[in-house]
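Fold and geometry: a report
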Amino acid sequence: MPSETTIFSAKNLTCVFGHGKKSTKAIDDLTFSIADQEIVSLVGGSGCGKSVLAKIMLNLIKPTSGEFLYKGKPIIDQRFHWREVQPVFQDPFSCFNFFFTIRDQLKASFGIMKTKPSKKEMEERVDQALLAVNIVPSEIQGKYAFELSGGQMQRMLLARIFILRPAVLIADEPTSMVDACVRASILDYLMKLKKELSMTIVFITHDIGLAYYVSDRIFIMHRGKIVEQGTPDDVALKPKNEHTMKLLDDIPDIHKNWISR
Ligand SMILES: Nc1ncnc2c1ncn2[C@@H]1O[C@H](COP(=O)(O)OP(=O)(O)O)[C@@H](O)[C@H]1O
Ligand SMILES: [Mg+2]
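Residues numbered from 1 in each chain as written. Chains lettered and ligands numbered in written order. Predicted model: local features only at pLDDT ≥ 70, side-chain atom pairs only at ≥ 80, totals over all residues. Heavy atoms only, no water.

Quick word on the overall build of the protein
Check the secondary structure of the protein and you find eleven helices and nine strands. Taking 18 Å as the expected radius of gyration for a compact globule of 261 residues, we find that the protein reaches 19 Å, a close match to that expectation. Projected onto the principal axes, the alpha-carbon positions of the protein cover approximately 55 × 45 × 40 Å. Scored against the burial criterion, the 261 residues of the protein give a buried share of 50%. (Helix = DSSP H or I, 4+ residues; strand = E, 2+ residues; numbered from the N terminus. Rg over C-alpha atoms; globule rule 2.2 N^0.38 Å. Buried < 20%, exposed > 50% of the residue type's maximum accessible area, 1.4 Å probe, protein only.)

So, the environment of Lys240
Relative to the helices and strands, Lys240 resides in the loop between helix H9 (232-237) and helix H10 (242-250). Note on Lys240: relative accessible area 69%, which makes it exposed. Lys240 sits 45 residues away from Lys195 along the chain, and the two C-alpha atoms are 31 Å apart. Dropping the residues within four chain positions of it, Lys240 is found in contact with Glu228 and Met245. (Contact = heavy atoms within 4.5 Å.)

Notes on the nonpolar core
Ile102, Leu106 and Met156 are the most contacted members of the largest nonpolar core, which totals 41 residues. Those elements that place two or more of their residues in this core are helix H3 (102-108), helix H4 (119-132), helix H6 (150-164), strand S6 (168-172), helix H7 (180-197), strand S7 (200-205) and helix H8 (208-214). Looking at this core, the element that brings in the most residues is H6, giving nine residues. Excluding residues within four positions of it along the chain, Met156 makes contact with Phe96, Ile102, Leu106, Leu130, Ile135, Ile140 and Leu148. (Core = buried A, V, L, I, M, F, W, Y, C linked by side-chain atoms within 4.5 Å.)

Some thoughts on the pattern of salt bridges
Tallied over the entire structure, the rule returns 13 salt bridges. The salt bridge involving Asp104 is made with Lys107; its shortest N-O contact spans 3.7 Å. Of this pair, Asp104 and Lys107 both sit in helix H3, three residues apart, which is roughly one turn of that helix. Owing to a relative accessible area of 38%, Asp104 belongs among the partly exposed residues under this scheme. A relative accessible area of 22% means that Lys107 is categorised as partly exposed. Here Lys238 and Asp234 are joined by a salt bridge, their closest N and O atoms 3.7 Å apart. In this structure Lys238 comes out as exposed when scored by relative accessible area, which is 53%. On the basis of relative accessibility, which here comes to 32%, the residue Asp234 falls in the partly exposed class. (Salt bridge = Lys/Arg side-chain N within 4 Å of Asp/Glu carboxyl O.)

Remarks on the sheet that holds strand S2 (residues 24-35)
Strand order in the open sheet made by the three strands is S2-S1-S4, with antiparallel pairing throughout. With one partner strand each, in any of the chains shown, S2 and strand S4 (65-70) form the two edges of the open sheet. Adjacent strand axes in the sheet meet at a mean angle of 15 degrees, parallel and antiparallel pairs treated alike. Across eight bridges, strand S1 (residues 6-17) lies against S2 in antiparallel orientation. Paired with Phe8 across the bridge in S2 is Ile34. Where helix H1 (residues 50-57) meets the sheet, its contacts fall on S1, S2 and S4, and the angle it forms with S2 comes to roughly 55 degrees. (Pairing = 2+ DSSP bridges. Axes fitted to C-alpha atoms, helices over the stretch in contact; angles between N-to-C directions.)

Overview of the site of ligand 1
All residues adjacent to ligand 1 are Phe17, Thr24, Ala26, Gly45, Ser46, Gly47, Cys48, Gly49, Lys50, Ser51 and Val52. At 2.9 Å from an oxygen atom of ligand 1 is found a main-chain nitrogen or oxygen belonging to Val52. Relative to its free-state accessible area of 560 Å², ligand 1 is covered by the protein chains to the extent of 59%. With three residues, H1 is the largest single contributor of residues to the shell around ligand 1. Among the residues forming the shell around ligand 1, the class breakdown is four nonpolar, six polar and one charged. (Near = heavy atom within 4 Å. Polar contact = N/O pair within 3.5 Å; in protein donor to acceptor, adjacent residues only side chain to side chain. Areas by Shrake-Rupley, 256 points an atom, 1.4 Å probe, with all protein chains shown as cover. Nonpolar A, V, L, I, M, F, W, Y, C, P; charged D, E, K, R; others polar.)

Side note on the sheet that holds S6
Pairing between the strands of a sheet is mediated by backbone hydrogen bonds and can be parallel or antiparallel. In spatial order, the strands read S5-S6-S7-S3-S8-S9; together these six strands make up an open sheet with mixed pairing. Pairing within the sheet leaves two strands with one partner each, and these edge strands are strand S5 (85-88) and strand S9 (225-230). Averaged over neighbouring strand pairs, the angle between their axes works out to 20 degrees when direction is ignored. Bridge count for S6 against S7 is five bridges, and the pairing is parallel. Across the sheet, residue Asp172 finds its bridge partner in S7, namely Ile204. Sheet contacts for H7: strand S3 (39-43), S6 and S7; angle to S7, the most-contacted strand, approximately 160 degrees.

A few points about the packing of aromatic side chains
Per the stated rule, a full pass over the model turns up five aromatic pairs. Judged by centre distance (5.8 Å) and plane angle (75 degrees), the rings of Phe98 and Phe146 are edge-to-face. Of this pair, Phe98 sits in the loop between S5 and H3 while Phe146 sits in the loop between helix H5 (137-140) and H6; the two residues are 48 residues apart in sequence, bridging distant segments of the chain. Overall, the relative accessible area of 41% leaves Phe98 in the partly exposed class. Classification of Phe146 as exposed rests on a relative accessible area of 53%. An aromatic cluster of three or more residues is present, and its members are Phe8, Phe68 and Tyr70. (Phe/Tyr/Trp six-rings, centres within 6.5 Å; stacked < 30°, edge-to-face > 60°.)

It is worth stressing that arrangement in space is one thing and function is another; only the former is reported here.
Structure follows, in structure tokens:
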């Protein structure tokens, strides 16, 4: 169950790109908070500001105005922040280099840690992380990113999370490049991560059906605003906002069956 500690708190958070007539308000006056060990989904159509909000959470983008706090404090030390808050992005191939083996890159993840474990422990932890995402270590031994499938690479990103054990995971459309079968297993790994590592997860998707399945709370976004928020049942079964209704209309019928169960 989500605890009382606040992980993220935003007050009148605004992020504008460009100037004058050509400016885009990607995030428009958001006030919200996310509690420790909560799974919150950000749901909305393309361009509504989900990824910009994710990047603010990762401290990759600074907001134009308003307040954004992590555990009640402004984010100052980037290295410290990245030890605690880690992403899983849409395109796993962009996150791995083609010149080093996958295994070496997984081991390089330890570089961000304050104290590195011994060589032996590193190897063991990489093996454990691979097994956690159902990859037999020998399957990727000596292999490079271009030698793996999209689904395997997506699991490599999750293996990285098992290695780093961050307090917070920001998963930005982690299942949008994979087929339905891999999608289901990635969702299962996310649930496993949450259970085993007591993580807080911000799950980003345009699919309210997926959000319904994984979340404690759902934020519906439209044009940089949160237009509706609540528990999955509140949002999916008793939608109040027109944009929520539209997102519900868009989901495949197979998802609708289990939402209405
Ligand atoms: N670095 C940037 N410079 C200018 N505009 C940006 C930048 N990043 C995002 N935007 C704009 O901000 C809006 C929100 O983008 P984004 O958060 O990526 O949407 P999505 O919800 O699809 O992830 C879009 O209009 C996008 O074009
Ligand atoms: Mg996006």
